[in-house]
Amino acid sequence: MGGFLAALPGSVAQGIIWGVMAIGVYITFRVLDIADLTVDGTMSTGGAVTVLIMSHYANMQNSIWMIWIAMIASFIAGCIAGWVTGVFHTKFGIPAILAGILTQLSLYSVNLRVLGGKANQPLSARNYNLVFQLGDVTKSLIFGVVFVALIIGILYWFFGTELGHAIRATGNNEAMSRSNGINTNRNKVIGLVLSNGIVALSGSMLSQFQGFADVNMGRGAIVIGLAAVIIGEVIFGKLFKNFALRLLAVTIGGVIYYIVITLVLRLGLQANDLKLFTALVVALFLGVPYWKSKIASKSVKVKEVPDNA
């Protein structure tokens, strides 16, 4: 138990990073009602772009600004990937899930190019002023909380605008939105751009925290993102009704997920079984609302049966 408590701050910091990624997943999965698999590729893209920029400009005297430039560049790269998926879906008529797979597949080659043809590249913190560092968990936690607050604040403002309401309406009822003159295709593209930009930003954060970027670092990201979304909704769904609080619940879901992962690893679960464990957790939490509705419907039927006594 002592080892678990010692590792807890690092798990929370990493959970916050994946919670940022889960916010991006929430935009497509809940707001747009689209299962976007692009995120498995854009997560790696964000990390690869960060390593590329920091490796080329590590010796610059103003390198304190380079990490911020790298993170902005990662966000833009993710936005471009999301735009490609949106174009595939809206202009080519490709189903959203297949469009995401095509972009994700393309990003594998792109990420390899960015990483110089290597599967992974280290990011030495010796000459860098990194925002997130495994060796400085306190700094990572502080910046993580600040980033989450900023992202939630910006998204809360954006989705409160006319365009934001139009995007939410597109996800709620696309046919009705189109009949009211809303450009649903444009809104889908904007949602995918914003979602993948945030996911790539979390990839930049993760590459700094773990000290390297890997072409496969985003593999299974969609499942982890869904786990964070579902955990947050199941635990805080009845308490957090406000949109900003829902985004906060998603982030907390990411933290809870990584705390659980740390605990089960300490209890002896092999790292090779993590993907299986994650899939089971997601399936379990996805099934909770269904089971609750079934139980509720049965109780209603029992009450409707007339008492013959």
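Residues numbered from 1 in each chain as written. Predicted model: local features only at pLDDT ≥ 70, side-chain atom pairs only at ≥ 80, totals over all residues. Heavy atoms only, no water.

A. Quick peek at the packing of helix α2 (residues 39–56) against helix α4 (residues 96–114). Where α2 meets α4, the closest approach of the two axes is 9 Å, and the angle between their N-to-C directions is 15°. Judged by the inter-axis angle, α2 sits roughly parallel to α4. Relative to α4, α2 is oriented so that their crossing is left-handed. Touching D40, G41, T42, S44, T45, A48, V49 and L52 of α2 are Q104, L107, N111 and V114, all from α4. A breakdown of the residues in the contact of α2 with α4 according to their chemical character gives five nonpolar, six polar and one charged. (Axes fitted to C-alpha atoms, helices over the stretch in contact; angles between N-to-C directions. Helix = DSSP H or I, 4+ residues; strand = E, 2+ residues; numbered from the N terminus. Parallel < 35°, antiparallel > 145°, perpendicular 65-115°, else oblique. Left-handed = near helix turned anticlockwise from the far one by under 90°. Contact = heavy atoms within 4.5 Å. Nonpolar A, V, L, I, M, F, W, Y, C, P; charged D, E, K, R; others polar.)

B. Representation of the packing of α2 against helix α8 (residues 184–210) within the structure. Running from N to C, α2 and α8 point in directions that differ by 50°, and their axes come no closer than 7 Å. Put simply, α2 runs oblique to α8. In this structure, α2 meets α8 at a crossing whose hand is right-handed. On the side of α2, the interface is formed by V39, T42, M43, G46, G47 and T50, while α8 contributes N196, V199, A200, S202, G203, S204, L206, S207 and Q208. A class-by-class count of the residues in the contact of α2 with α8 yields five nonpolar, 10 polar and no charged.

C. Up close: the confidence of the model for the protein. The predicted model of the protein has a mean per-residue pLDDT of 88, with 92% of residues at 70 or higher. When pLDDT is averaged over each helix and strand of the protein, the minimum, 77, is found for helix α11 (residues 274–304) and the maximum, 96, for α8. (pLDDT = per-residue confidence, 0-100.)

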